[in-house]
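One letter stands for each residue in the lines below.
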Amino acid sequence: MTQLTGIGIAAHDTVALSQSELAAIVADFPTLATPARDGGRLAYLDSAATSQKPNCVIDTVTEFYERSNGAAGRSTYELADRATAAWDDARAAVASFVDARPQQLVFTKNATEAINLVALGIGNASQGVVGGDGPLDLNLGAVDEILVTPAEHHANLVPWQILAQRTGAKLRWLELTPDGRIDTNPALLAQAINSRTRVVALTHVSNVTGAITDLEPILAAVRAQERKPVVVLDTCQSSAHLPLSFAQLASAGVDAICLSSHKMLGPTGIGALVATGELLYSLPPVLSGGSMIELVDMEHSTYMAPPARFEAGTQPLAQAAGWHSAVDYLRELDLSRSMLNEHELTGQLLEGMNQVEGVRLLGPANTTQRLGVVAFEVQGVHPHDVGQVLDASGVAVRTGHHCAQPIHAHFGLRASARVSLGVYSTPADVRQFLDALQNVRKYFNR
């Protein structure tokens, strides 16, 4: 079995979860006990879209509303103090989980907003909006370039397209290898990352192919520039599966990562931007209103230091408390051990799918530097039909373009079906999926 390594992925000498430990984990997730549409066992294999929630997270959210529902940071009564403490504790816990400091973490409503916060902030800085007082020059113009990749989720592509339109900067992109990895050929990188490059935005793990990006050559090219570009890394697919270190990523040249609670066993409605102080202090406000100001008169306002500068309005307090519980659960679980279990299941998936006639995998065909996210095509059958046949056998998968149309175009497709693993995935889930997959083409007489 190949050990997963790379910049920002903490290495551990450990052993995989035992079957009894895995069974205990499954028991923590009440939704997994829900009968499937056919009344049988549910095999939930759509964790790349959203993870299931353990009992402790569900209980924490309920308990917050029962015992701590007050206005955080706005009053001195006991409920408000509990709400404020829950908010502050959640910030510290989530930041610590990715080896960052609390002041480096900005809560957002989701990871998409986190990426947009950076793009909109750079756009505001480029148009003269005041409020950023850090060392970075974020003023983009027609001579500048923004570099992305075709492997991106739309959340890490469309905001940069709009930023290019706002500022006149040119949008460029790296190419992909035939199996969908970001091509890190040195000659290509030397052309793509140059003195005009001001932003580099890329995925850590593809939500279509499961491929882990080889960051080292890209970041080496970034560090070689006299004026280093801002690097934004989408870690939505890696943060619930790999033990990440933002401190290591930042040392290598990454300026910001985004996190999604609902992909990390936490509630929906909350995400985070984790960024260096240099970037956060250099960005002017994006959302304005209450909680992010220092002084306001009828003509002018001054703004709080980050992260408060970017957290205008009433915040998702219960969701933050639930996310705190989720990262505590993941920490106790030990992602380095769960990672080995998922890696083994990924090998079983790939081996089994390669034996099914008419199935084409999108992405790497082996387990080298990839996670358990596997998009696939069943020849002659529309992906939505694939999903319905699998659902009839109790298997839940994702169908569609997975908010990643360019990489589908790379494979000559408009859409696909996708199976993805979570910390609670089991060999029984994989077997149930593979058995159901065998029947898809038979059902349609292909």
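Residues numbered from 1 in each chain as written. Predicted model: local features only at pLDDT ≥ 70, side-chain atom pairs only at ≥ 80, totals over all residues. Heavy atoms only, no water.

### So, the overall build of the chain
Consideration 1: A tally of helices and strands in the chain yields 15 helices and 15 strands.
Consideration 2: In terms of C-alpha radius of gyration, the chain reaches 22 Å, essentially the compact-globule figure of 22 Å for 446 residues.
Consideration 3: Taking the principal axes of the C-alpha coordinates as reference, the chain spans close to 70 × 60 × 40 Å.
Consideration 4: The buried share of the chain, reckoned over its 446 residues, is 57%.
Consideration 5: Excluding contacts between residues fewer than 6 apart, the proportion of contacts in the chain whose partners are at least 24 apart in sequence is 75%. (Helix = DSSP H or I, 4+ residues; strand = E, 2+ residues; numbered from the N terminus. Rg over C-alpha atoms; globule rule 2.2 N^0.38 Å. Buried < 20%, exposed > 50% of the residue type's maximum accessible area, 1.4 Å probe, protein only. Contact = heavy atoms within 4.5 Å.)

### Remarks on the domain arrangement of the chain
Consideration 1: Taken as a whole, the chain is organised into domain 1 (2–53 + 334–444) and domain 2 (58–330).
Consideration 2: Summarising the inter-unit geometry, the C-alpha centres of domain 1 and domain 2 are found 27 Å apart.
Consideration 3: Between domain 1 and domain 2 the total buried area reaches about 3,600 Å² when both faces are included, carbon and sulfur atoms providing 62% of it.
Consideration 4: The largest contributions to the domain 1 side of the interface with domain 2 come from I7, L335 and L371, which together make up 20% of the buried area.
Consideration 5: Summed over the shared surface of domain 1 and domain 2, the number is zero salt bridges.
Consideration 6: On inspection of domain 1 and its partner domain 2, the count reaches 26 residue pairs in polar contact (both at pLDDT 80 or more).
Consideration 7: Contributions of two or more residues to the side of domain 1 that touches domain 2 are made by helix 11 (335–354), strand 12 (373–378) and helix 13 (405–410).
Consideration 8: Residue classes in the side of domain 1 that touches domain 2 are distributed as 25 nonpolar, 14 polar and six charged. (Domains from an automatic or database assignment. Buried area = accessible area lost by both parts, 1.4 Å probe. Salt bridge = Lys/Arg side-chain N within 4 Å of Asp/Glu carboxyl O. Polar contact = N/O pair within 3.5 Å; in protein donor to acceptor, adjacent residues only side chain to side chain. Nonpolar A, V, L, I, M, F, W, Y, C, P; charged D, E, K, R; others polar.)

### Quick look at the sheet that holds strand 5 (residues 197–203)
Neighbouring strands of a sheet are bound in pairs by backbone hydrogen bonds; such pairs are parallel or else antiparallel.
Consideration 1: A sheet is described by the order of its strands in space; here seven strands give the open sequence 2-8-7-6-5-3-4, paired in mixed fashion. Each edge of the open sheet carries a strand with a single partner, namely strand 2 (105–108) and strand 4 (170–173). Here the strands of the sheet are splayed against their neighbours by 20 degrees on average, with no regard to which way each runs.
Consideration 2: Along the sheet, helix 3 (residues 78–97) contacts strand 2 and strand 7 (256–260); its crossing angle with strand 2, the most-contacted strand, is approximately 115 degrees. (Pairing = 2+ DSSP bridges. Axes fitted to C-alpha atoms, helices over the stretch in contact; angles between N-to-C directions.)

### Some words on the packing of aromatic side chains
Consideration 1: Tallied over the entire structure, the rule returns seven aromatic pairs.
Consideration 2: With a centroid separation of 4.5 Å and 45 degrees between ring planes, the pair formed by W87 and F107 is classed as tilted. Of this pair, W87 sits in helix 3 while F107 is found in strand 2, placing the two residues 20 residues apart along the sequence. By the burial criterion, W87 is buried, and F107 matches it. (Phe/Tyr/Trp six-rings, centres within 6.5 Å; stacked < 30°, edge-to-face > 60°.)

### Notes on the nonpolar core
Consideration 1: If you look at the biggest cluster of nonpolar residues, it comprises 72 residues, and the most contacted ones within it are L259 and W323.
Consideration 2: Domain assignment of the residues forming this core places at least three in each of domain 1 (2–53 + 334–444) and domain 2 (58–330).
Consideration 3: When neighbours within four sequence positions are excluded, L259 is seen to be in contact with V94, V98, N110, A111, T235, S239, M264, G271, A272, V274 and W323.
Consideration 4: Grouped together as the second largest cluster of nonpolar side chains are 32 residues, L138, V148, A169 and V199 included. (Core = buried A, V, L, I, M, F, W, Y, C linked by side-chain atoms within 4.5 Å.)

### Considering the pattern of salt bridges
Consideration 1: Inspection of the entire model under this criterion finds 17 salt bridges.
Consideration 2: Here R67 ties to E63 by a salt bridge, and the two come within 3.6 Å at their closest N and O atoms. Taken together, the residues span about one helical turn, with R67 and E63 both in helix 2 (residues 55–67) at a distance of four residues.
Consideration 3: On the accessibility criterion, R67 (43% relative accessible area) is partly exposed.
Consideration 4: For the salt bridge of D133 with R309, the shortest nitrogen-to-oxygen distance reads 3.2 Å. Of this pair, D133 sits in the loop between helix 4 (111–126) and strand 3 (145–148) while R309 sits in the loop between strand 10 (301–303) and helix 10 (317–333); the two residues are 176 residues apart in sequence, bridging distant segments of the chain.
Consideration 5: What you see here is one network of salt bridges that share partners, running through D144, R198 and R227.

### With respect to the sheet that holds strand 12
Consideration 1: What the four strands build is an open sheet, ordered 11-12-15-14; its pairing is antiparallel. Each edge of the open sheet carries a strand with a single partner, namely strand 11 (359–362) and strand 14 (398–400). Pairs of neighbouring strands in the sheet enclose a mean axial angle of 30 degrees, with direction left out of account.
Consideration 2: Summarising the sheet, strand 14 and strand 15 (residues 416–420) pair through three bridges and their orientation is antiparallel. Note on strand 15: the bridge partner recorded for R398 is R418.
Consideration 3: Lying over the sheet, helix 12 (residues 383–392) contacts strand 12, strand 14 and strand 15, oriented at roughly 160 degrees with respect to strand 14.

### Some details on the environment of S245
Consideration 1: Its location among the elements puts S245 in the loop between strand 6 (230–234) and helix 8 (246–252).
Consideration 2: With 147 residues separating them along the chain, S245 and V98 place their C-alpha atoms 5.2 Å apart.
Consideration 3: Sequence-distant contacts of S245, defined by excluding residues within four places in its chain, comprise G8, V98 and D99.
Consideration 4: Separated by 2.5 Å, the side chains of S245 and D99 make a polar contact.

### Quick notes on the environment of Y329
Consideration 1: Relative to the elements of secondary structure, Y329 occurs in helix 10.
Consideration 2: Of the residues examined, Y329 reaches a relative accessible area of 12% and is grouped as buried.
Consideration 3: C-alpha of Y329 to C-alpha of G271: the two residues are 58 residues apart in sequence and 17 Å apart in space.
Consideration 4: Not counting chain neighbours up to four residues away, the residues in contact with Y329 comprise I25, D28, F29, P54, C56 and L265.

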